[in-house]
Structures are given as structure tokens and as C-alpha cells.
Amino acid sequence: TSAQIGVTGLAVMGRNLARNFARNGYTVAVHNRTVARTNALMEEFGHEGEFVATETAKEFVAALERPRRLMIMVKAGEPTDTVIQEFAPLLEPGDMIIDGGNAHFADTRRRERALREQGIHFVGTGVSGGEEGALHGPSIMPGGSKESYESLGPMLEKISAKANDGAPCVTHVGPDGAGHFVKMVHNGIEYADMQLIGEAYQLLRDVAGYSPAQIADIFRTWNTGRLDSYLIEITAEVLSHVDAATGKPFVDIVEDRAEQKGTGRWTVQIALDLGVPVSGIAEAVFARSLSGHADLRAASRGLAGPKATQLGEAAAFADRVEQALYASKIVSYTQGFHEITAGSTEYDWNIDLGAVASIWRGGCIIRAAFLDRIRAAYDARPDLPSLLSDETFAQEIAAAQDDWREVLVAATRQGVPTPGFSAALAYYDALRAERLPAALTQGQRDFFGAHTYRRTDREGSFHTLWGGDRSEVEA
Ligand code: 6PG
């Protein structure tokens with residue numbers, strides 16, 4: 001037997017991807033550091049397709065047809081390097097190592113470069129969709145060489161999710177780390193989406209006075225409109241769930257401390273390096289960290305809040321929250337796509353933004369109806385400077401902005417924190433501003449550090465002699 005693909009690392013994601021390949025008619029070699037997992041897979045799911053169970057690294061590599069396609073599904077970081085070191089010496093030029101973990105794109109670039117010297121294609125691949133996605137069709141974001149995609153692409157297309165128009169949710173994102181970079185930004189947007197939904201929930205609860213079950217219904221309604229997305233859908237499920245032990249809403253018995261594994265944080269770290277304002281995504285990451293500071297929160301609980309005020313009609317307020325949520329969502333996608341543009345320029349990836357929006361339409365966590373329109377916007381104008389400059393989105397925000405502002409007024413009055421909504425609106429208002437206080441910042445910098453400034457009316461750099469007669473000199 002020779003397998004078309006091998007998967008090593010058979011925890012739930014690896015196992016489900018292996019099953020997905022097998023269910024799609026491929027012969028799949030499987031391997032795991034401890035054989036027990038391989039055996040468990042064979043016992044439980046061996047009947048689903050053609051598997052070749054292997055015990056040693058040598059056996060595993062020998063089971064693969066050439067050029068070999070070897071997929072590693074282990075923990076990102078050191079474990080990935082360990083596995084690469086184990087298998088690379090057994091491979092030959094032309095073979096492919098596919099890393100489907102949530103690797104940092106800088107690691108992927110390093111690994112790709114090192115393996116390229118050996119003639120091995122290293123294909124850092126973003127995979128989104130959780131366990132279910134891995135099994136039934138994830139969104140797949142491969143980087144690496146064009147050549148590797150020619151060999152691997154058709155298989156990935158087969159096992160991937162399909163968008164509503166039938167298009168497979170996979171594309172060759174770009175060379176070396178491009179795939180993992182795009183997956184990273186996907187997760188940043190995922191964090192922002194989740195934070196914005198969280199803020200909407202809290203406003204509906206604390207300002208409008210709805211119960212979790214009622215809010216679940218509101219989300220269900222929203223899910224039939226332009227907010228139609230996986231995260232809105234599961235939010236309704238989580239909110240309507242009742243804890244069996246206490247009979248209370250599930251959301252009330254879960255500790256309110258959000259955890260994170262790091263990809264959202266990376267999105268912000270890299271954005272800082274690239275100079276891209278991803279303020280909405282950053283607030284989402286910070287909101288998770290803030291929630292985790294139990295001591296700080298306990299020490300702050302007695303701080304003064306606003307006097308209670310009357311809210312108008314709850315249903316009308318809910319409609320406004322929908323507007324605010326949608327407008328803020330447009331902003332966080334705008335920021336995420338800006339970061340992809342900047343990364344693509346920095347690393348010469350030539351990423352097709354329309355294609356990225358297209359493969360996020362199905363399978364992944366942020367899958368949403370409106371990605372179809374983001375795709376259309378970039379397909380119509382690949383050099384679109386910002387999603388906000390797309391006419392359709394601009395019009396939608398124009399229509400939403402009054403309500404968006406009203407929601408923030410209400411939130412501020414009632415003392416409900418809305419870092420995501422607020423950051424998104426500030427970004428929008430800053431971008432459309434005729435003048436920014438950055439001119440004042442430049443003046444301050446010139447005052448204390450002679451850092452110079454540019455003038456609006458003349459070319460060149462200038463400095464004012466602040467400590468002297470305040471005349472201006474050309475710098
Ligand atoms: C996906 C997800 C996934 C991510 C988890 C947890 O696209 O399938 O983004 O890759 O690891 O959702 O992320 P956090 O633990 O950081 O919330």
C-alpha cells in the first residue's frame with residue numbers, strides 16, 4: 001500500500017483530519033508518538049476508509065507515495081520542531097511537510113527556509129473550524145511553494161468546507177508563512193467578533209433588561225439577517241442553555257474569565273510591528289486579559305458608577321444594538337484585512353484578499369454571510385485601500401451610525417463597558433476626520449525633543465526654536 005497522505009499527531013484535530021481524508025477516498029497513513037492513539041483510531045474509525053496504521057517514523061514515511069505528503073498535527077512551538085527534526089532526515093527532495101497547527105508565521109518562515117535547503121517543501125497551513133470542521137470540512141489556509149500546492153491543493157479542496165456557491169474553502173494563500181499569517185489574523189478577527197457579540201449581549205441584558213433566553217431569541221433573529229454567522233448562531237445556543245445542576249442560565253454559572261491560547265495576541269503584536277491600527281482586535285485581547293485579573297476586579301468593585309437612568313423601549317434599543325454590532329464588525333474586518341495587506345507587502349506574499357474572504361465563507365469559526373460581500377468588494381477592486389472605502393459598506397455604516405452612537409451614549413450613561421464598540425467608532429471617526437490632533441503631537445515632540453515636523457503648505461522638515469525667539473528653521 002502507498003498512502004497519498006500521512007498524518008502524525010492523532011489528538012482530536014489530527015484524528016479528525018485523517019478521518020476526513022479517508023472518508024474522501026484517500027489512503028491515509030497514520031502515526032502517533034504513542035501507539036495507543038493510533039490503535040484507538042483504527043479500532044473506532046478504521047472502517048471509515050483506507051488507513052495504514054504505522055508505529056515507527058520509518059514505517060510511517062515508507063507508507064507514503066512519492067512525493068510524500070506528511071501532515072503534522074502537533075502542538076505549535078517546540079513539539080513541531082521536534083517532529084520536523086524526527087522526520088526531515090527520512091525524507092527526500094520534493095517531499096512535503098504540512099504543518100496544520102496554529103504555528104506562529106515567523107516560525108513557519110524559519111522552518112520553510114531551513115527545509116527548502118534540503119529540497120523539502122514546508123507548507124505551513126492554517127486550519128480553522130475546530131473538531132467538527134476538521135472532520136466535515138474546515139477552512140484551509142496553506143502557505144508554502146506553488147509547486148507544493150499543485151500536488152496538495154486538489155486533496156485539500158476535496159476535504160475542505162464548501163461555500164454556499166460550492167467553492168472550496170481553500171486557496172494557496174502565498175509563499176512561506178502567508179497561510180499561518182492569514183490564520184493568525186482570522187483568529188484576531190474571531191476574538192473581535194466574540195468580544196463585540198459579548199458587548200451586545202451585556203447591553204441587551206444590563207441596559208435593556210432582557211433575560212439570556214430572550215437574548216438568545218434576539219440573536220436567532222439577527223442570524224436571519226446580515227449578521228448571519230456561525231458565532232451568532234452558537235451564541236444563541238449558549239445563551240439558551242440551562243445548567244442542569246442549578247436550573248440557572250448556563251451563562252450565569254460560568255466563571256467570567258476568558259482564556260486565550262495566543263493567536264489573537266499575536267495578531268496585535270504583529271500589527272504593532274507593522275504599524276497597523278487594529279484597535280478593535282486589541283480591545284478584544286485586552287478585554288480577555290482584564291477579565292482574568294480577579295484580584296484587580298475584586299479591589300475595584302466598590303468604585304463609583306453612574307446613577308441609574310431610564311431606558312426607552314427595549315425592542316427599539318435592541319434594534320440599535322444590532323446596528324452598532326454590525327458597524328463595529330465591519331470595522332474589525334477592515335482592520336484585519338488591513339493587517340493582511342501590510343503583511344503581504346512586508347513579506348512579498350502577493351495575497352489575494354478576495355480569495356481570503358472567499359475561503360472564510362465556510363468551515364471556519366468566523367464564517368459569515370457578509371464575507372461574500374467582502375469578497376465581492378475586493379474582487380471588484382483588488383487595490384481597495386480599505387473596506388470602509390467600499391461603497392456598499394460605507395453606505396451601511398452611514399445608515400447605522402446614528403444608532404451606533406446612541407448605543408454608546410446609553411452604554412456610557414449606564415456604565416456598561418463597550419471597549420470593542422467604542423474602539424471601532426473611534427477608528428471610524430478618526431479615519432474620516434479632516435484634521436487629527438496628531439499635528440499637536442508633532443508640535444509637542446518638536447518642543448521637547450526637536451523632533452521636527454512637516455508643514456501643510458511647504459515641502460521639507462522644520463523645527464521651531466521653542467526655547468529662543470520661536471522662529472522657524474529648516475531642519
Ligand atoms: C479555529 C480557532 C482555533 C483556536 C481556538 C481557540 O479557527 O478553529 O481559531 O484555531 O485555536 O478557537 O483559541 P483561543 O484559545 O485563543 O480562544
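What you see is a predicted model; the values in this text were computed from it and never measured.

Calculation notes
Residues numbered from 1 in each chain as written. Predicted model: local features only at pLDDT ≥ 70, side-chain atom pairs only at ≥ 80, totals over all residues. Heavy atoms only, no water. Helix = DSSP H or I, 4+ residues; strand = E, 2+ residues; numbered from the N terminus. Rg over C-alpha atoms; globule rule 2.2 N^0.38 Å. Buried < 20%, exposed > 50% of the residue type's maximum accessible area, 1.4 Å probe, protein only. Areas by Shrake-Rupley, 256 points an atom, 1.4 Å probe, with all protein chains shown as cover. Core = buried A, V, L, I, M, F, W, Y, C linked by side-chain atoms within 4.5 Å. Contact = heavy atoms within 4.5 Å. Axes fitted to C-alpha atoms, helices over the stretch in contact; angles between N-to-C directions. Parallel < 35°, antiparallel > 145°, perpendicular 65-115°, else oblique. Left-handed = near helix turned anticlockwise from the far one by under 90°. Nonpolar A, V, L, I, M, F, W, Y, C, P; charged D, E, K, R; others polar. UniProt positions renumbered as here; feature names shortened; annotations may be inferred. Salt bridge = Lys/Arg side-chain N within 4 Å of Asp/Glu carboxyl O. Near = heavy atom within 4 Å. Polar contact = N/O pair within 3.5 Å; in protein donor to acceptor, adjacent residues only side chain to side chain. 1 Å grid on protein atoms, 1.4 Å probe; cavity = no way out; pocket = protein on both sides within 12 Å on 5 of 7 lines; lining within 4 Å. Points joined across faces, edges and corners; volume = space filled by probe spheres on them. Phe/Tyr/Trp six-rings, centres within 6.5 Å; stacked < 30°, edge-to-face > 60°. Lys NZ or Arg CZ within 6 Å of the ring centre and 35° of its normal.

Draft legend 1. Region of interest: the overall build of the protein. The helix and strand inventory of the protein stands at 20 helices and 10 strands. In terms of overall size, the protein behaves like a compact globule, its C-alpha atoms giving a radius of gyration of 25 Å where 475 residues would be expected to give roughly 23 Å. Along the longest, intermediate and shortest principal axes, the C-alpha atoms of the protein span 80 × 70 × 45 Å. A buried classification covers 49% of the 475 residues belonging to the protein. Taken as a whole, the protein presents about 22200 Å² of accessible surface, with 51% of it coming from carbon and sulfur.

Draft legend 2. Up close: the nonpolar core. Formed by 89 residues in total, the largest nonpolar core has its most connected members in Phe219, Phe337, Trp360, Ile374, Trp404 and Phe421. With 15 residues, the single largest contributor to this core is helix α8 (residues 178-207). Once residues lying within four places of it in the same chain are set aside, the contact partners of Phe337 are Leu353, Val356, Ala357, Trp360, Ile374, Tyr378 and Leu387.

Draft legend 3. The packing of helix α9 (residues 212-222) against helix α10 (residues 230-240), seen in detail. At a minimum axis distance of 8 Å, the contact between α9 and α10 shows a crossing angle of 160°. Overall, the two elements α9 and α10 adopt an arrangement that is roughly antiparallel. Where α9 crosses over α10, the handedness of that crossing is left-handed. Residues Pro212, Ala213, Ile215, Ala216, Phe219 and Arg220 of α9 lie in contact with α10, whose contacting residues are Ile232, Thr235, Ala236, Glu237, Leu239 and Ser240. Looking at side-chain class alone, the contact of α9 with α10 contains 8 nonpolar, 2 polar and 2 charged residues.

Draft legend 4. Here's a closer look at the UniProt feature "domain: 6-phosphogluconate dehydrogenase C-terminal" (unreviewed entry) in the protein. In this numbering, the UniProt entry assigns the feature "domain: 6-phosphogluconate dehydrogenase C-terminal" (unreviewed entry) to residues 179-467. With 65% helix and 2% strand, residues 179-467 has end C-alpha atoms that lie 53 Å from one another.

Draft legend 5. Here's a closer look at the pattern of salt bridges. Counting across every chain of the model gives 30 salt bridges. Taking the shortest distance from any N to any O, the salt bridge between Arg66 and Glu92 comes out at 3.1 Å. Of this pair, Arg66 sits in the loop between α3 (57-62) and β4 (69-72) while Glu92 is found in the loop between α4 (78-87) and β5 (96-99), placing the two residues 26 residues apart along the sequence. Taking the relative accessible area as the measure of exposure, Glu92 reaches 31% and is therefore partly exposed.

Draft legend 6. Examining the environment of Ala355 more closely. As for its placement among the helices and strands, Ala355 is situated in helix α16 (residues 353-359). By relative accessible area, which is 17% here, Ala355 ends up buried.

Draft legend 7. Here's a closer look at the site of the ligand. Close to the ligand lie 14 residues, the nearest being Ser128, Lys183, Glu190, Tyr191 and Arg288. One of the side-chain nitrogen or oxygen atoms of Ser128 is found 2.4 Å away from an oxygen atom of the ligand. Between the ligand and the protein, one listed contact pairs an oxygen atom with a backbone N or O atom of Gly129 at 2.9 Å. Considered on its own, the ligand offers 420 Å² of accessible surface; in the complex 79% of this is hidden by protein. If you tally residues by element for the shell around the ligand, the top one is α8, at 5 residues. Here the shell around the ligand is built from residues that sort into 2 nonpolar, 8 polar and 4 charged.

Draft legend 8. Here's a closer look at unusual backbone geometry. Here the bond from Arg66 into Pro67 is cis, since omega is -5°, no more than 30 degrees from zero. For Pro67, the location among the structural elements is in the loop between α3 and β4. Even without glycine at this site, Asp348 takes up a positive phi of about 60°. Looking at the secondary structure, you find Asp348 in the loop between α15 (314-347) and α16. Residue Thr452 is not a glycine yet carries a positive backbone phi of 70°. Within the element layout of this structure, Thr452 appears in the loop between α20 (438-449) and β8 (453-454).

Draft legend 9. Quick peek at the UniProt feature "binding site: substrate" (unreviewed entry) in the protein. UniProt feature "binding site: substrate" (unreviewed entry): in the numbering of this structure it lies at Asn102, Ser128, Gly129, Gly130, His186, Asn187, Tyr191, Lys261, Arg288, Arg445 and His451. A maximum C-alpha distance of 49.3 Å shows the annotated residues, which cover 350 residues in sequence, to be distributed over more than one spot. If we skip the residues at most four places from it in the chain, Ser128 touches Pro138, Ser139, Met141, Lys183, His186, Gly363, Cys364 and Ile365. Residue placement: Gly129 occurs in the loop between β6 (121-128) and α6 (130-136). Apart from the residues within four sequence positions on either side, Gly129 is in contact with Gly363, Cys364 and Ile365.

Draft legend 10. Just the layout of surface pockets, in detail. There is about 330 Å³ of room inside the second largest pocket. If you go around the second largest pocket, you meet 18 residues; those closest to its centre are Thr341, Ile351, Leu353, Tyr378 and Pro382. Residue assignment for the lining of the second largest pocket shows that the elements contributing at least two residues are α15, α16 and α17 (371-380). Examining the composition of the lining of the second largest pocket, we find that 5 residues originate from one element, α15, more than from any other. When the residues that make up the lining of the second largest pocket are grouped by side-chain class, the tally is 8 nonpolar, 7 polar and 3 charged.

Draft legend 11. Expanded view of the packing of aromatic side chains. Evaluated as defined, the whole model comprises 16 aromatic pairs. Considering the side-chain rings of Tyr333 and Phe370, the 4.8 Å spacing of their centres and the 85° angle between planes classify their relative orientation as edge-to-face. One end of the pair, Tyr333, is in helix α15; the other, Phe370, is in the loop between α16 and α17, and 37 residues separate them in sequence. Across the pair, Phe370 and Tyr333 agree in class, each one buried. Grouped by ring-pair contacts, the aromatic residues Phe105, Phe181, Tyr347 and Trp349 constitute a single cluster. Stacked on the ring of Phe45, the Lys or Arg Arg19 has its end atom at 3.5 Å from the ring centre.

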